[in-house]
Amino acid sequence: MTLSATEIDDRLMLGCWRLHERTPQQITVLLQSALESGIRQFDHADIYGGGESERRFAQSLRTLGCPRESIIIQSKCGIRDGHYDSSAGHILASVDGILDRLGTDYLDTLLLHRPDALMEPAEVAEAFSRLQAAGKVRRFGVSNFRPMQIELLQSALEQPLCVNQVQFGLAHTGPIDAALQANTGFDGGIDRDGSVIDFCRMNGLRVQAWSPLQFGMFAGNFLGHPDFAELNHALNTLAQIYGCSAGAIAIAWILRHPAGMQVLLGSTDPQRLKQLSAAATIRLPREHWYALYRSAGNRLP
Ligand SMILES: NC(=O)c1ccc[n+]([C@@H]2O[C@H](COP(=O)([O-])OP(=O)(O)OC[C@H]3O[C@@H](n4cnc5c(N)ncnc54)[C@H](OP(=O)(O)O)[C@@H]3O)[C@@H](O)[C@H]2O)c1
């Protein structure tokens with residue numbers, strides 16, 4: 001099944017975490033490849049490369065002559081050295097730093113990077129309202145938040161939270177395991193995330209899937225990894241059927257979920273990025289979707 005260009009634009013984002021590992025020239029080619037693949041949304045954080053990813057991204061956009069209004073730029077703040085900080089002062093100062101490094105007047109979206117146990121919702125609300133009134137940030141969201149934490153923050157905000165960015169992919173299925181394996185004694189039936197994906201669907205927050213090809217907490221990429229032999233076999237078999245790369249099938253698996261998630265592609269390789277972008281044109285039928293879920297080591301009751 002083929003999807004429209006608008007859907008392709010909307011559902012794939014380029015994750016810019018690893019950009020600082022590349023030269024400005026390489027980043028320019030990567031961004032050109034992203035734009036040619038229909039990717040118009042870019043995810044940053046103030047801590048990526050200590051700010052260097054944002055700086056190099058801005059430099060490459062200038063080289064490409066890409067108009068600011070033609071793309072969506074998102075960034076995050078709140079992680080500091082050894083602690084989290086959602087104080088108003090830190091959020092305001094972080095956004096000024098982000099805008100300066102990105103060479104732009106505004107962010108389309110600002111996310112709080114991780115939940116802060118010391119978060120004061122009223123303080124975050126004050127910061128968000130000041131940023132919006134100043135035209136510095138258009139929309140707000142969170143990352144790695146559980147439903148109750150979202151409700152707590154939302155209760156103080158003037159603006160609706162519109163995004164929750166969480167880790168999700170074939171080697172990190174926790175956010176859906178508990179629902180699929182409900183009412184069993186299986187380990188997968190343990191609810192670690194509070195049905196976060198269902199909660200986001202019900203409350204109008206877009207789920208963004210980070211590290212879609214990684215396993216563990218930054219433990220590595222599962223594509224071609226010997227610990228994921230069955231999964232790779234299933235991916236390679238479907239890749240032949242659909243005429244794309246195994247990575248594109250793994251991304252298509254995330255896109256097939258009815259939450260309508262956005263996927264953050266983290267590759268810094270222009271060719272790979274193009275191959276992965278083919279995922280947006282593939283709609284997996286149920287039997288292929290569940291076969292992949294099971295081949296990743298999950299049990300269905
Ligand atoms: N909110 C959060 O807490 C959080 C945490 C982590 C990440 N993120 C966001 O999520 C984005 C994506 O994360 P990620 O970089 O871990 O994503 P990913 O797409 O899962 O992994 C990309 C990494 O895998 C490598 N890779 C190796 N073989 C590959 C293959 N066959 N196909 C594709 N990639 C392959 C890539 O190398 P090459 O570059 O050589 O292709 C790159 O280093 C980040 O950029 C960031 O924006 C958010």
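All values reported here derive from a predicted model rather than from experimental measurement.

About the thresholds
- Residues numbered from 1 in each chain as written.
- Predicted model: local features only at pLDDT ≥ 70, side-chain atom pairs only at ≥ 80, totals over all residues.
- Helix = DSSP H or I, 4+ residues; strand = E, 2+ residues; numbered from the N terminus.
- Buried ≥ 20, exposed ≤ 12 C-beta atoms within 10 Å, placed from the backbone.
- Contact = placed C-beta atoms within 7 Å.
- Pairing = 2+ DSSP bridges.
- Axes fitted to C-alpha atoms, helices over the stretch in contact; angles between N-to-C directions.
- Near = placed C-beta within 6 Å.
- Nonpolar A, V, L, I, M, F, W, Y, C, P; charged D, E, K, R; others polar.
- Core = buried A, V, L, I, M, F, W, Y, C linked by C-beta atoms within 7 Å.
- Right-handed = clockwise from strand over helix to strand, strands pointing away.

Before going further, it helps to spend a moment on the overall build of the protein. In terms of helices and strands, the protein carries twelve helices and twelve strands. Here the C-alpha coordinates of the protein stretch approximately 50 × 45 × 35 Å along the principal axes. For the protein, with 301 residues in total, the buried portion stands at 42%. Long-range pairs, those at least 24 residues apart, make up 77% of the contacts in the protein with a sequence separation of at least 6.

A separate point is the sheet that holds strand β1 (residues 12-15). As summarised here, the arrangement of the eight strands in space is β1-β2-β3-β6-β7-β8-β9-β12, forming a closed barrel in which the pairing is parallel. Ignoring strand direction, the axes of neighbouring strands in this sheet form an average angle of 30 degrees. Where strand β9 (residues 206-210) meets strand β12 (residues 262-265), two bridges bridge the pair, whose relative direction is parallel. Bridging across to β12, Ala209 finds its partner in Val263.

With respect to spatial proximity, 23 residues lie near the ligand, and among them Gly15, Trp17, Leu213, Gly266 and Ser267 are the closest. When its residues are assigned to classes, the shell around the ligand shows eight nonpolar, eleven polar and four charged.

In this structure, Ala209, Ala248, Ile249, Ala250, Ile251, Val263 and Ala279 are the most contacted members of the largest nonpolar core, which totals 81 residues. Here the element with the most residues in this core is helix α10 (residues 246-255); it accounts for nine residues. With residues near it in sequence (within four places) discarded, Ala250 still touches Gly169, Leu170, Pro212, Leu213, Leu223 and Leu235.

Attention shifts here to unusual backbone geometry. At Ser195, a position not held by glycine, the phi torsion is positive, near 50 degrees. At Phe218, a residue that is not glycine, the phi angle is positive and equals roughly 65 degrees. Along the chain, Phe218 turns up in the loop between β10 (214-215) and β11 (220-221). When the 9 C-beta atoms within 10 Å are taken as the criterion, Phe218 is described as exposed.

On to α10. Most of α10 sits out of view: ten of its ten residues are buried. When we look at burial in α10, the residues that qualify are Ala246, Gly247, Ala248, Ile249, Ala250, Ile251, Ala252, Trp253, Ile254 and Leu255.

Across the seven residues of strand β7 (residues 137-143), five count as buried, placing the element largely inside the fold. Two strands pair when backbone bridges link them, and strand β6 (residues 107-112) and β7 are joined in this way by five bridges, in the parallel orientation. Counterpart to Leu110 in the pairing with β7 is Phe140. For the handedness criterion, the β-α-β arrangement of β6, helix α5 (residues 121-133) and β7 is classed as right-handed. In terms of strand pairing, β7 meets strand β8 (residues 161-167) through three bridges, oriented parallel. What sits directly across from Ser143, in β8, is Gln165.

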